[in-house]
Amino acid sequence: MTEETLDPMDWKRVQALAHRVVDDSVAFLRDVRERPAWREMPPEVRAQIAAPLPRLPAPLEDVYAEVAETIMAYPMGNVHPRFWSWFMGASNFTGALGDFLAAVQGSNLGGGDHAAALMDRQVVDWLKEMLGFPASASGTLVSGGSMANLIGLLVARNVKAGVDIRELGVGAMPQPLRFYGSDQIHGCHRKAIEALGLGNRALSRIPTDPKYRIDIVALRAAIAEDRAAGFRPACVIANAGTVNTGAVDDLAALADLAAKEDLWLHVDGCIGALVAIAPDNSWQVAGLARANSVALDPHKWLHAPFEVGCVLVRDAAAHRGAFATAQEYLESKPRGLASGTWLHEYGLQTTRGFRALKLWMSLKEHGVEKFGRLIDQNIAQAHELSRLIQVEPELELVSPATLNIVCFRYRSEKSDPQLAKAINVEIMLRLQEQGTAVLSDTTLRGAHCLRAAIANHRTRREDLELLVREVVRLGREIGCEKQFRAKSAFAERCE
Ligand SMILES: *Cc1c(COP(=O)(O)O)cnc(C)c1O
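Residues numbered from 1 in each chain as written. Predicted model: local features only at pLDDT ≥ 70, side-chain atom pairs only at ≥ 80, totals over all residues. Heavy atoms only, no water.

Peer 1: So what's going on with the overall build of the protein? Which residues, and what values?
Peer 2: On a plain count of helices and strands, the protein comes out with 17 helices and eleven strands. In terms of C-alpha radius of gyration, the protein reaches 25 Å, essentially the compact-globule figure of 23 Å for 495 residues. Taking all 495 residues of the protein together, the buried fraction comes to 50%. Taking all contacts inside the protein whose residues are at least 6 apart in sequence as the whole, residues at least 24 apart take part in 72%. Put simply, the protein shows about 23,700 Å² of open surface, and 55% of that area lies on carbon and sulfur atoms. Charge-centre separation for the protein: the mean point of 56 positive side chains lies 3 Å from the mean point of 60 negative side chains. (Helix = DSSP H or I, 4+ residues; strand = E, 2+ residues; numbered from the N terminus. Rg over C-alpha atoms; globule rule 2.2 N^0.38 Å. Buried < 20%, exposed > 50% of the residue type's maximum accessible area, 1.4 Å probe, protein only. Contact = heavy atoms within 4.5 Å. Areas by Shrake-Rupley, 256 points an atom, 1.4 Å probe, with all protein chains shown as cover. Lys, Arg positive; Asp, Glu negative; His and termini not counted. Charge placed at Lys NZ, Arg CZ, Asp CG, Glu CD.)

Peer 1: Help me get a handle on unusual backbone geometry, residues and values and all.
Peer 2: Omega for the bond connecting Phe 306 with Glu 307 falls within 30 degrees of zero, at 0°, which places this linkage in the cis form. Among the secondary structure elements, Glu 307 is positioned in the loop between α11 (298-301) and β7 (309-313). Positive phi is not limited to glycine here, since Trp 86 has a value of about 45°. By secondary structure assignment, the location of Trp 86 is in the loop between α3 (60-69) and α4 (93-105). Phi angles above zero are rare outside glycine, and Asp 262 is one such case at about 60°. Among the structural elements, Asp 262 can be located in the loop between α10 (251-261) and β5 (264-269).

Peer 1: Kindly report on the state of the cysteines, identifying the contributing residues and their values.
Peer 2: Summed over all chains, the structure comprises one disulfide. The residue that forms a disulfide with Cys 480 is Cys 494, at a sulfur-sulfur distance of 1.9 Å. Here the S-S torsion is close to -90°, and the disulfide linking Cys 480 with Cys 494 is therefore left-handed. Remark: Cys 494 occurs in the segment after α17 (482-485) and Cys 480 occurs in the loop between α16 (461-479) and α17; sequence separation between them is 14 residues. Distance from the sulfur of Cys 449, which forms no disulfide, to the nearest cysteine sulfur (Cys 407) is 4.3 Å. (Disulfide = S-S within 2.5 Å.)

Peer 1: Quick one: what's the story with the UniProt feature "modified residue: N6-(pyridoxal phosphate)lysine" (unreviewed entry) in the protein, residue by residue and with numbers?
Peer 2: Per the UniProt record, "modified residue: N6-(pyridoxal phosphate)lysine" (unreviewed entry) is annotated on Lys 300. Residue position: Lys 300 is located in helix α11. (UniProt positions renumbered as here; feature names shortened; annotations may be inferred.)

Peer 1: Would you mind going over the site of the ligand in detail, with residue names and values included?
Peer 2: Surrounding the ligand, one finds 13 residues, the nearest of these being Gly 145, Ser 146, Asp 268, Asp 297 and Lys 300. Contact distances for the ligand include 2.6 Å between an oxygen atom and a side-chain N or O atom of Asp 297. Here Lys 300 contributes a side-chain N or O atom positioned 2.8 Å from an oxygen atom of the ligand. Of all the elements in the fold, those that place two or more residues in the shell around the ligand are α6 (145-160) and α11. In terms of residue count, the dominant contributor to the shell around the ligand is α6 (three residues). When its residues are assigned to classes, the shell around the ligand shows three nonpolar, seven polar and three charged. (Near = heavy atom within 4 Å. Polar contact = N/O pair within 3.5 Å; in protein donor to acceptor, adjacent residues only side chain to side chain. Nonpolar A, V, L, I, M, F, W, Y, C, P; charged D, E, K, R; others polar.)

Peer 1: Any chance you could break down the pairing of strand β10 (residues 440-444) for me, citing the residues and the numbers?
Peer 2: Where burial is concerned, the two faces of β10 differ: the one with Ser 440, Thr 442 and Leu 444 is buried and the one with Asp 441 and Thr 443 is not. As judged from the five bridges shared by β10 and strand β11 (residues 447-453), these two strands associate in the antiparallel manner. Note that in β11 the partner of Thr 443 across the bridge is His 448. The hairpin turn running from β10 into β11, its antiparallel successor, is two residues long, and Arg 445 in that turn takes a positive phi close to 45°. (Pairing = 2+ DSSP bridges.)

Peer 1: I'd like a rundown of the environment of Leu 141, residues and numbers included.
Peer 2: In this fold, Leu 141 is placed in strand β1 (residues 138-142). For the pair Leu 141 and Gln 434, spaced 293 residues apart in sequence, the C-alpha to C-alpha distance is 38 Å. Once residues lying within four places of it in the same chain are set aside, the contact partners of Leu 141 are Asp 120, Val 123, Val 124, Leu 127, Val 308, Gly 309, Cys 310, Arg 352, Arg 355 and Ala 356.

Peer 1: Talk me through the sheet that holds β10; I want residue IDs and the actual numbers.
Peer 2: Within the open sheet, the four strands sit side by side as β8-β9-β11-β10. Their pairing is antiparallel. Edge positions in the open sheet fall to β8 (395-399) and β10, since each of these has one partner strand only. Each strand axis lies, on average, 45° off the axis of its neighbour in the sheet, ignoring direction. The strands touched by helix α14 (residues 368-390) within the sheet are β8, β9 (405-410) and β11, with β9 carrying the most contacts at an inclination of about 20°. (Axes fitted to C-alpha atoms, helices over the stretch in contact; angles between N-to-C directions.)

Peer 1: A description of the packing of helix α13 (residues 356-366) against α14 should follow, citing residues and the corresponding values.
Peer 2: At a minimum axis separation of 6 Å, α13 and α14 run at an interaxial angle of 90°. Looking at the two axes, α13 sits roughly perpendicular to α14. When α13 is examined against α14, the residues Ser 362, Leu 363 and His 366 are found in contact with a partner set consisting of Val 368, Lys 370 and Phe 371. Grouping the constituent residues of the contact of α13 with α14 by class yields three nonpolar, two polar and one charged. (Parallel < 35°, antiparallel > 145°, perpendicular 65-115°, else oblique.)

Okay, here's the thing in structure tokens:
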């Protein structure tokens, strides 16, 4: 009987194929600008992906050919220079090599004394330094910003619970906890508060000022009211960059308030924490380093391939104290592989992938200063886009850039917001279907608008000029089509 293995019978053949994969990958990124920003998947491709479970082998060359035709040909598009939807990084080739090498080495970073585990801790140390956190702080790499926020809020809950919550649970808390964030906080906080067993009502949404920053007077009043009603105010979640507009709360004022009111200050810095490394704009996140915990997202503005997020916690003992457990099968030993730090003691995962390598390699290659300049470049581009919109009479700037997010719309029919929304959504969908650019949309205080979030190291000024030209062209075209024209105030333009 011969024993089986997954290793190839013929390494030379696999090597040749692997060389082709690398050549194709280089071409994929080198020529990205020549391709449409997005393409609809034809039905044949959808059907091919919905294949039955393969029971028998196929040559690897055929498997790769299928991937090239179906998967690689229809990407999301965030590596494209004119992708500005939601908030995403644009990836980079060095990072992709890092992910490949991490997979080849195959190490599990749940723990152990090995080079990959050391590098994971080193990258966290670098991120602390980038944000101005003390070396004594703790931190861990996680899947993304949502998990980073969950971990920060979990440590906050445990520290403020007033009981041994790990042993007794939320039911034993002497007073129900209250968390605070602005009405602009990201949806992951609601999920986190619910997962922490506190319930959505434990998260108070505080109104924002005209620039979408938390209203500190209203926050102070809410805290006083909650105390009087028998709740325990526990934590303020500050935004360093909101999803809708990129607004940055007054972090220094919130740090003062948190100190005075004995609250945990958690900063959701998934967008803006890394602005700390950008020389022209770091002033915008002054006070960040005073937080008790910060969530940041290297797969956004450091362009690491997905997934990698990070949470930093100032009180290292509180961080480890929230997760460490004694497991008879994971005992530390004086020497050897089991003598290192157990990295699973800093989060919810046991097995952990080698996320650090892709970051380590691109930081080494370019140096952190270049990443800072790229963030400044995106912010300058967003200001330039704001300016282009302002000088274009058919466009209206709804929220100017503070960081790198611009909200605007095509002026169509003010007195009919439903029609205005329909026209702007149609503009957004056609931009995408024609492969020109990918935007998203949002609603600010009831006003629907298009939204461009420029977190893309491939974007150039000419791309923004093209966007403005195309939005205006499409707006005119759509406004003159039958279903919109009848109701449009600008119908006379269509003749
Ligand atoms: C992206 C984002 C998150 C969630 O991060 P993921 O990496 O998508 O999980 C949380 N908060 C803000 C402000 C974000 O922009």
